[in-house]
Amino acid sequence: MKWHEVKLDESAACEGRVRVQAEPVELLLPSALEIELTLSDRCVLLSSLPRLELTEEQLLDKLELFFSKQKNGGGEVEQREFLRDSGHVVLTFAHDGVADQLTKKRRVQVPIGKQTYELKVTPYMSGQITDLQVRPCVCARTVLLSGIPDILDEESMRDALEIHFQKPSRGGGEVDALGYVPAGKQARAVFEADTD
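Conventions we followed
- Residues numbered from 1 in each chain as written.
- Predicted model: local features only at pLDDT ≥ 70, side-chain atom pairs only at ≥ 80, totals over all residues.
- Heavy atoms only, no water.
- UniProt positions renumbered as here; feature names shortened; annotations may be inferred.
- Phe/Tyr/Trp six-rings, centres within 6.5 Å; stacked < 30°, edge-to-face > 60°.
- Buried < 20%, exposed > 50% of the residue type's maximum accessible area, 1.4 Å probe, protein only.
- Lys NZ or Arg CZ within 6 Å of the ring centre and 35° of its normal.
- 1 Å grid on protein atoms, 1.4 Å probe; cavity = no way out; pocket = protein on both sides within 12 Å on 5 of 7 lines; lining within 4 Å.
- Points joined across faces, edges and corners; volume = space filled by probe spheres on them.
- Nonpolar A, V, L, I, M, F, W, Y, C, P; charged D, E, K, R; others polar.
- Patch = residues over 30% accessible without salt bridge, like charges linked within 9 Å, V, L, I, M, F, W, Y side chains within 5 Å.
- Areas by Shrake-Rupley, 256 points an atom, 1.4 Å probe, with all protein chains shown as cover.
- Salt bridge = Lys/Arg side-chain N within 4 Å of Asp/Glu carboxyl O.
- Helix = DSSP H or I, 4+ residues; strand = E, 2+ residues; numbered from the N terminus.
- Contact = heavy atoms within 4.5 Å.
- Polar contact = N/O pair within 3.5 Å; in protein donor to acceptor, adjacent residues only side chain to side chain.
- Pairing = 2+ DSSP bridges.
- Core = buried A, V, L, I, M, F, W, Y, C linked by side-chain atoms within 4.5 Å.

With an unreviewed UniProt entry as reference, the chain is termed Interferon induced protein 35, source organism Chelydra serpentina. Under the Sequence similarities (unreviewed entry) heading, UniProt states for the chain: "Belongs to the NMI family."

Engineer: I tried to follow the packing of aromatic side chains on my own but got confused; where do I start?
Structural biologist: The geometry of an aromatic ring pair comes down to the distance between the two centres and the angle between the two planes. Enumeration over the complete set of coordinates arrives at 1 aromatic pair. Ring geometry for F66 against F67: centres 5.0 Å apart, planes inclined by 85°, an arrangement best described as edge-to-face. Exposure class is identical for F66 and F67. Each is buried. One residue, R19, lies across the ring of W3, its end atom 4.4 Å from the ring centre.

Engineer: How do you make sense of the layout of surface pockets when you look at a structure like this?
Structural biologist: A water-sized probe rolled over the atoms picks out the places where empty space is left. Quantified by volume, the second largest pocket comes out at close to 250 Å³. Partitioning the lining of the second largest pocket into residue classes produces 6 nonpolar, 3 polar and 3 charged.

Engineer: Where do I start with a nonpolar patch on the surface in this structure?
Structural biologist: Taken together, the side chains of L28, L33, I35, L37, L39, M125, I129, L132 and V134 present a nonpolar region at the surface, about 920 Å² in accessible area. For the nonpolar patch, the elements supplying multiple residues, two or more each, are strand 2 (17-47) and strand 6 (115-146). For M125, the position within the fold is in strand 6.

Engineer: Would you take a moment to explain the environment of G147 for this structure?
Structural biologist: Among the structural elements, G147 can be located in the loop between strand 6 and helix 3 (154-165). With 128 residues separating them along the chain, G147 and R19 place their C-alpha atoms 7.3 Å apart. When residues no more than four places from it in sequence are discounted, the contact partners of G147 are R19 and V20.

Engineer: Can you help me understand the environment of S68 in this one?
Structural biologist: Within the fold, S68 resides in the loop between helix 1 (56-67) and strand 3 (77-83). Classification of S68 as partly exposed rests on a relative accessible area of 32%. For S68, the residues in contact, after removing those within four places along its chain, are G75, E76 and V77. Here L65 takes part through its backbone oxygen, which lies 3.1 Å from a polar atom of the side chain of S68.

Engineer: Would you explain the pairing of strand 1 (residues 3-7) in this entry?
Structural biologist: Successive side chains on a regular strand alternate, one facing one side of the sheet and the next facing the other. Every second residue of strand 1 is oriented toward a common face, the buried set being H4 and V6 and the non-buried set W3, E5 and K7. Where strand 1 lies against strand 2, 5 bridges are found, and the strand directions are antiparallel. What sits directly across from W3, in strand 2, is Q21.

Engineer: Can you walk me through the environment of R51 in this structure?
Structural biologist: Residue placement: R51 occurs in the loop between strand 2 and helix 1. Spatially, the C-alpha atom of R51 lies 9.2 Å from that of G87, the residues being 36 residues apart in sequence.

Engineer: Would you mind showing me how to read the nonpolar core here?
Structural biologist: Proteins that are soluble and globular tend to have nonpolar side chains buried together. With 21 residues, the main nonpolar core has V44, L46, L63, F67, L91, F93 and V110 as its most contacted residues. Residue assignment for this core shows that the elements contributing at least two residues are strand 2, helix 1, strand 4 (88-93), helix 2 (98-105), strand 5 (107-112) and strand 6. Leaving out residues up to four positions away in the same chain, V110 has contacts with L63, F66, F67, Q115, T116, Y117 and L119. Counting residues in hydrophobic clusters, the runner-up holds 11 residues, among them V6, A160, L161 and F165.

As structure tokens, this is what we get:
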């Protein structure tokens, strides 16, 4: 149903009905993705890092000290980076061949403080998106309502809309969430990951 006559609440001091338009909501979703990966000759990715009472900078200092020594299979460290999203560290060496020798070991015993930890050493790959194709997708459980006159306060209008669209006889069902923004106002949407 494209058009709906929504009955207004008499207790809200505004009797009658308003006519609103319901339209499907379309989102653009990825349908194809190409990523160009580059294997670095001078970088390694360190993972399986322990959770310690150290700042990021202190941890990076300790790792740089260990991996800059040739006796540990390392060499001069040119750059180091803590990847906050994964908790991993990327070390960039000044000379070719160091990263290759370390990744052949796969695991390295690294003393940090009074303990020794086994860290995983893997080749570091960087990538960039070279092609992204999207396709429109209609949301099965969402509609966009438009043409809502600004004649009630937000809460009363939200209640009237929710009551109307919860009735199966009007093509609706149980309303999970309803966002209403009166004309001339703004709203912010914050999304959470779907737990289903």
